[in-house]
Amino acid sequence: GKRERALELGAAEVYGPAEALAAGVRAEVVIDAAGNSRAFETAIAVTGVGGTTVTVGLPAPTDTSTVAPLQIVTIHHPAAVDRRRVDPAAVIAEP
């Protein structure tokens, strides 16, 4: 399955959404390959401060996710926030 393959390719640890939340995971890199909105939301939630979330699974066209934009900016891009003002330039990576 996907988890076994991820380990073969060098992943340090693999979790399902419920397992990651229960374990209190805060990872530097999170890869979501599940293809559903719940897994995507969990991937964002367990990505540590300054970490990277990669999603490669495609959910059904009718699926929706709920992720607060400021959660991403303030938790996952702390350099972008200065006294409650958002600096988009701090989030955009240079080539």
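Preceding this section is the structure that the text describes.
The structure contained in this document is the topic of the report that follows. All values reported here derive from a predicted model rather than from experimental measurement. Each chain carries its own residue numbering, running from 1 in the written order of its sequence. pLDDT decides what is reported in this predicted model: residues at 70 or higher carry local features, side-chain atom pairs at 80 or more are listed and counted, and totals for whole chains, interfaces and linings draw on all residues regardless. Computation of side-chain values: all heavy atoms of the structure, hydrogens and water removed.

1. Thoughts on the overall build of the chain
We count a stretch as a helix when DSSP gives it H or I for four or more residues in a row; a strand needs E for two or more, and each element gets its number in order from the N terminus. Summing up its helical and strand segments, the chain has five helices and four strands in all. Listing the helices and strands of the chain from first to last along the sequence gives α-α-β-α-β-α-β-β-α. Within the chain, the proportion of its 95 residues that are buried is 21%. Contacts are assigned to residue pairs that have any heavy atoms within 4.5 Å of one another. Taking all contacts inside the chain whose residues are at least 6 apart in sequence as the whole, residues at least 24 apart take part in 38%. The protein chains shown are the only cover counted for residues, whose accessible areas, like all others here, come from Shrake-Rupley with a 1.4 Å probe. Accessible surface for the chain amounts to roughly 6,900 Å². Of this, 57% is attributable to carbon and sulfur atoms. Accessible area is worked out with a 1.4 Å probe on protein chains only. A residue is then buried under 20% of its type maximum, exposed over 50%, and partly exposed in between.

2. Examining the pairing of strand β2 (residues 47–55)
The pairing of strand β1 (residues 27–32) with β2 spans five bridges and is classified as parallel. Across the sheet, Val-29 pairs through a bridge with Thr-52, a residue of β2. The definition of a right-handed crossover adopted here requires that, viewed with the strands pointing away, the path from the first strand over the helix to the second runs clockwise. Handedness of the crossover joining β1 and β2 through helix α3 (residues 37–46): right-handed. Any two strands between which DSSP finds at least two bridges are classified as paired.

3. Quick look at α3
Among the residues of α3, Ser-37, Ala-39, Thr-42, Ala-43, Ile-44 and Val-46 are the ones counted as buried. A 3.5 Å cut-off defines polar contacts: any pair of N or O atoms within that distance qualifies, except that in protein one atom must be a possible hydrogen donor and the other a possible acceptor, and neighbouring residues in sequence count only when both atoms are side-chain atoms. The backbone nitrogen of Arg-38 lies 3.2 Å from a side-chain oxygen of the residue at the head of α3, namely Asn-36.

4. Here's the deal with the environment of Val-14
Note that Val-14 resides in the loop between α1 (2–8) and α2 (17–23). Judged by relative accessible area, which is 26%, Val-14 ranks as partly exposed. Along the backbone, Val-14 and Arg-3 are 11 residues apart, and their C-alpha atoms lie at a distance of 6.0 Å. In contact with Val-14, not counting residues within four places along its chain, are Arg-3, Ala-6 and Leu-7.

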